[in-house]
Each structure stands twice: as C-alpha cells, then as structure tokens.
Amino acid sequence: MSIPNHILEQLNSQADLVSIIGRHTTLKRAGSEFKGCCPFHGEKSPSFYVNPQKNIYHCFGCSVGGNAISFLRDYENLTFIEAVNELSKQTGIEVPKEEQQNVSYQRAPVKPKAKPKSAVKPATSATHLRKNDSQPVTNNQSSIIMPADDTQPPIYDDHHSYDNYPPLDTYNAVPYVMDGYDAHYQDDNGYPPAWLTGDDNTALYNDNSISDKDGNLYELLEQIQQFYQHNLSIHPHAKHYFLSRGISDEIFETFGLGYAPFGWQHLEHQFPQDIEGLKALGLVRRSESGRDYDLLRDRVIFPIRDNQGRTIGFGGRALDDEVKPKYINSSDSPVFHKQHVLYGYYESRQKRANDWLVVEGYMDVIALYQVGIYGAIASMGTAINESQISRLLTLNPTLTLSFDGDSAGQKAAWRTLEVALPVLSDEKELRFLTLPNNHDPDTFIKSQGADAMREQITNAMPLSQYIFAYLSERHDLSLVEGKAKLMSQVRALTTALPKGSSFRYLLNNDIYQKLGGKRSQNIEAKDALLDFDGEMTISQQLQLCFVFQPRALIDDPIEAIWQQAGINDLHLPAHLKQKASADVLRPLAWEDMQDTALLDVVSTIKRCLKYLPKDANAAAHFILSNVKPLTQETLSRDWGSFYKALTSRNILSLDGLVEELVSQLIERHMKKKTQDLIKNPDNIKLAIVRKQSQLLNDWLRAQQAEQSAQMATVKS
C-alpha cells in the first residue's frame, strides 16, 4: 500500500508526539522542548529531547531520532502500516484506501487566444447590481459592464444567493476589465502577470513546453495566495477594510492577507492551465447550467496555513456586513481538512507562543498577534475537536477559551467544554474568558488596550466556576428541584472525565458545597460509618456503600484505581515480558478478592443497574431481593441503620469513601499475593507483583497527601 507523502506529513505534523513518547518515559518541559531519559537505552541523566513544534525527537546519548511514525515503528515495534493506522485513529486524518487522492494534477495545454471579433464598448461609469438594490450602485469597486438588454440572472447550485448578478453569457461578450487592473492586464495573453512570474517580458502560460508537466496543489495555492495578495495592493477599497480595522503593514505580510476581486471567473483567467487543480481545491465550482465560477468573489482573503507554514486553503470575508454568509472557507481538499487545522497556529509557533487562547474569528487572532499576545488560534468554522485540544494542552497544561457573551458564543463554549473533558486529566486546566460589554478580543483591544486584554486573560474563569455559573443561570436555585437538576447535570458531565480523575470527585463536592452542602462528603460519610458500627469489616462496609450508591459501579472502582496508579501501563524488561503469563499481567478483578459476599453484591448490582428505581431506599431493596439468601440476611440486618446514619447527615455521594475502601482491599490482596509467592517461589510472578505493589503504594501515598491538604484547607 502506497500512502501519499502529504498524508504522511499531515499525520506526523498533527500527532501528539509528547503524549505518545510520554507513555514510555517521563518528559518534563525544558524551554520550548520536552526532556527526559531516553526510552531506547538505559541512562540516568536525561539526554532525550522532544520538539513539539517540529514534532520530532532526538537523543544526544544514542543518537536515535525521528518522528511519530518512526517512534511507533522503532520502539513499539509496529509495522509501517500499523503505525500509520494508529496515527490516523489518534488524529482523525483519514488514510485513503486508494491513491486517487494526491497533491498533483494534470495541467492543461495552452489554448491560443483569438482576439474577439467585437466587444461591448465600456460605459462611462462602472456599475453593478447588488442584491435587494432596485437601482444600479455606482462605486469604485471591481465592475462588469452590462449590455442594456441582459436582465435575467443565472441560477447556481451554490447555497449562496446570487439572484441579481449578471448572466454568465455577459462574461463572454465583454472584455474582462476591472478597476485597478488596466495597467496590469493590457494583453489577454499575459497571464499570469509579470509580478507573479518575475519576468516582465515572458508570461508563464505562453510556454507550451511545461504544459504536459503535472501541477502541484501546494505550489498552486502559493501562486493563488500571491495573486490575492497582489490584488489587495491594487484595490484600495479592499485594503481600506483592513486599514479601518487597525491592521499594520507588517501584519499584511505576516498573515499574507489578500483580496479576491469581483468577477465570476478571475481564477480561470489567471490560471488557465490549472483548472483541474482549482477544482480539486474547491476554489472553482460548477453550476447546474454547466458553467464554472469562483467560490470567493469580492472578499478580503485570509490564507490558511498548515503547521509547516504552507498555504492549504483560504477564508474569505465579505466587505459588506449585509452580505451573507459573512465568511466562506474554501472546501476540504487533498491538502486541507478543516477539522485538523487551527488558524494562527503556525504564526504563533513562529513566535514561540507559550500561552494558548482559543478565539472565534480570524480578526481576533490577528488583533491579538499585532499587540504581541501570541498563541491565539481559531477553528475553521467548525467546533474545535478533542485532538486539537489535547495538542494545545500538551504545549501548555492550561488552555483558555474566549467566546462571545451572547447565546451562540456561550453555547459554543459549552460544546467545547464537553469535547475537552475526556482529555482533561488532573494536571490539565481549562479556563473561560467572556469579555465585558459584548466585546470580542479585537474590539476589546481597540477599546481598552493590550495590557487590559492581558489582565482579562490572566483572570479568566476556572472550569469549576464556569460550570456552576453556566448551569446556575439555567436552573432556579431557590428551589430544591432546581438544585437537584443542576447537581444531576454536573454528575452526568463529570462522567466524561478520564477514569480515575480526582477532579471528578472534587468538582462534584465543590458544587455540592456551593449549593449548601457540608464541608466534605467523604469526611461526613466516614464519620457516619464510624458512628454506625466501627466493628464492621472493610468488605461489609463496602457492600453497604454499594447498596446505598449502586452508580459507584458504573465505572468499575478496581479498574479505575488500577489505571490511575499506572499499573495498566506497567513497563517491564523484555525478558520478564516474554516469560510472564497472561494471567499475571491482566487487570485485577473482583473474583481475585476471594470474597463471596462482596462478589455477589457487585455482580448483582452490575446485572440490575439499568432496572434500579431512582429512589435510593427503593433501589437498595431491589438489590437485596436479588442477592443470595445468606448475603441478603447479613445486609438486611444492617441496612436500615446504615441508611438512617447517612441520610441524617444529608450525604449524597460516597465516591471518596468507596475509592478508599476499595484501595484498602486491593492493598491487602497484593500483600497476601506477595506473601504466597515468597512461600511458593515464582521469580517472574514475584517480580511483577512487587512492581505492581510499588505503583499502588506510590499512588496511595499521593492520595493520602492530597486528602491531608484538603483537611488542612477545611480546618483553615
């Protein structure tokens, strides 16, 4: 299978290389790079570097280096195709099954141009009709001179409305003349003009010797970008749009801003040999009547670049705010996939941006960049996706989202929050910025200045506060029902967080306290349990907790702890990995605890979860009626008092207590397993179990430290 080079470039460019390598060695930020011990050879002093800007790695100790594909091949022993498919899953970039998608296209031969037999004489004033105008509007913009008897508009299959534009036949009947072009396009055979070819005497398309060569989409896009950029310089009304918004000359060059002139076929006139390439890029489309037309017309142009700085598409904004749609992006193509591109990312990386800010519009990105606030990016008219958020959080563990304060802006912010939750591990943070007085970053900077904008970014709202603020506006918190609905929505929301996330418990508890809850659900639950019966075993306590809160088994607690402690990703020397049995490497299960009653309760709840009533007491009796008689007898004896002890303290969540009890059971199980292997020696199993126990103990100590910190905060 042959995969086009541009697809491989996109895969390597978009891959989260820091996370991929971070599964095998600890990487710490070192300036603009990440540094750690080389996973390819044993070393005590880190000499292995990952550059997220170029998405490459290099070890100065053993000289190994490469990109995402080479790492998956050389370290994880994947085949080339397996590595490509793995990156395709991670990035969402589709690998074509056939080779029909390519960056090359067949250029057409030059057709000799015959001079027109007759031409319509230009009128003394240039006019063109705009939609909803009853009279022609005279202005200094690009114009088409209309014959007096042409009144019927063409019909196009584009979803935009062109009702009052001139009929296509008109373009064949009159010279292609536009304001500002006269000095540059005197001769129809002179395409492209000398400014694009660098030769004042010979036009590129007059050379028939190159007509049989394949064109390259990247090269064509670069030429189109230069064409648009040049048009901006010769159309004062278009440049005035940018100048009126405070854009400096330096920014024109940095972002390659341009202008697509008025006219239905200016790209075909400019690039007559490259029609196939223009259509592949979606910049030229075909109407129902079979005529080609340009997608972008009479719009200022924002070139869209990939991570290497190559132009891959264009965004066009209407000069008149009444024109709808206001923005049009060029279509997806073999080199442009909207869902994988962030506008401004390349320019920000060139400035070594450290703090990243997601904004809504191209002009917001440019306005922030112009005042020295680097790291602002915008998506391509679609919501930013999970892989893009993950990549930005790799570059900096804090990501700020800036959306308009209107309903549409806040809905977009909430959708982004939901997309981000699955990649929001405990060390990552989302912050939300809604500027005052319905400002966006562009207007706020003009009104208040760059320093005020920096202060707004610094004081952006943390995720926990934003969730409460957003939901509290949508529920009546003066009613118990409103509080319950809000709390239910928060619990549903936090289930999307990564398994084992501490933030899940802390966020639920924090918002519960904001609603009038007590200092700590976990502390209250432990106190209630001690008051109820201090003589109960850990297993009996856990069984009652599961009966009280069966949803604690939706995400299996053992699996969560096993993963959170890093035991799932246990890295073993090759000789141990080869000799180890599958049984010793598999995750711990409830059956391994050898506790009949506990296994009975867990398996019953998992089997009945979708049938349980919403009321906690009713659900408990449903569970008790389905367990084995001996388990039922034991639990029924204690259930009433246990339920009363918890409800009297208004305890809603046992998440923290369940995690603590399960951790204690796992710890005891691992100690017993180690002792059994010492008595009945199995060196391979013993080495693996000891490694697992060490990871578990490290995690438990970290949990205890966190709980101590929380206790200190509560007391203070």
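All values derive from a computational prediction rather than experimental measurement.

**With respect to the sheet that holds strand 19 (residues 429–433)**
So, step 1. Pairing in this open sheet of 5 strands is mixed, and the strands run 17-16-18-19-20 from one edge to the other. With partners counted over all chains shown, the strands left at the sheet margins are strand 17 (376–378) and strand 20 (461–462), one partner each.
So, step 2. One ladder, built from 2 bridges, connects strand 19 with strand 20; its direction is antiparallel. From the neighbouring strand, F432 faces strand 20, where its bridge partner is M461.

**Here we look at the confidence of the model for the protein chain**
So, step 1. Within the protein chain, residue pLDDT values average 79, and 80% of them lie at 70 or more.
So, step 2. Within the model, the stretch residues 117–211 combines pLDDT values under 50 with 173 contacts to residues more than four positions away or in other chains.
So, step 3. Taken together, the stretch residues 710–716 has pLDDT below 50 and engages in 4 contacts with residues farther than four places along the chain or on a different chain.

**Description of the environment of T596**
So, step 1. Counting through the fold element by element, T596 comes out in helix 26 (residues 596–608).
So, step 2. According to the relative accessible area criterion, T596 is exposed, its value standing at 60%.

**Observations concerning the sheet that holds strand 5 (residues 65–66)**
So, step 1. The sheet built from 5 strands is open, its strands ordered 1-2-3-4-5 with antiparallel pairing. Of all the strands in the sheet, the pair left with one neighbour each is strand 1 (28–30) and strand 5.

**Thoughts on the pairing of strand 16 (residues 356–359)**
So, step 1. Burial of strand 16 is two-sided: the residues W356 and V358 facing one way and the residues L357 and V359 facing the other way are all buried.
So, step 2. Of the pairings in the sheet, the one linking strand 16 to strand 18 (residues 398–402) comprises 3 bridges and is parallel in character. Among the inter-strand pairings, V358 is bridged to a residue of strand 18, identified as L401.
So, step 3. As judged from the 3 bridges shared by strand 16 and strand 17, these two strands associate in the parallel manner. In the sheet register, V359 faces strand 17, and the bridge partner there is A378.

**Focus on the packing of aromatic side chains**
One pair of aromatic rings is described through two measures. These are the centre distance and the angle between the planes.
So, step 1. Scanning the model with the defined rule gives 33 aromatic pairs in all.
So, step 2. Relative to Y75, the ring of F71 lies with its centre 5.3 Å away and its plane at 15 degrees, an arrangement referred to as stacked.
So, step 3. Exposure remark for F71: the relative accessible area of 0% places this residue in the buried category.
So, step 4. When its relative accessible area of 27% is taken as the criterion, Y75 is described as partly exposed.
So, step 5. Taken together, the ring pairs in this structure connect Y241, F242, F252, F255, F302, Y327, Y343, Y362, Y369 and Y374 into an aromatic cluster.

About the thresholds
Residues numbered from 1 in each chain as written. Predicted model: local features only at pLDDT ≥ 70, side-chain atom pairs only at ≥ 80, totals over all residues. Heavy atoms only, no water. Pairing = 2+ DSSP bridges. Helix = DSSP H or I, 4+ residues; strand = E, 2+ residues; numbered from the N terminus. pLDDT = per-residue confidence, 0-100. Contact = heavy atoms within 4.5 Å. Buried < 20%, exposed > 50% of the residue type's maximum accessible area, 1.4 Å probe, protein only. Phe/Tyr/Trp six-rings, centres within 6.5 Å; stacked < 30°, edge-to-face > 60°.

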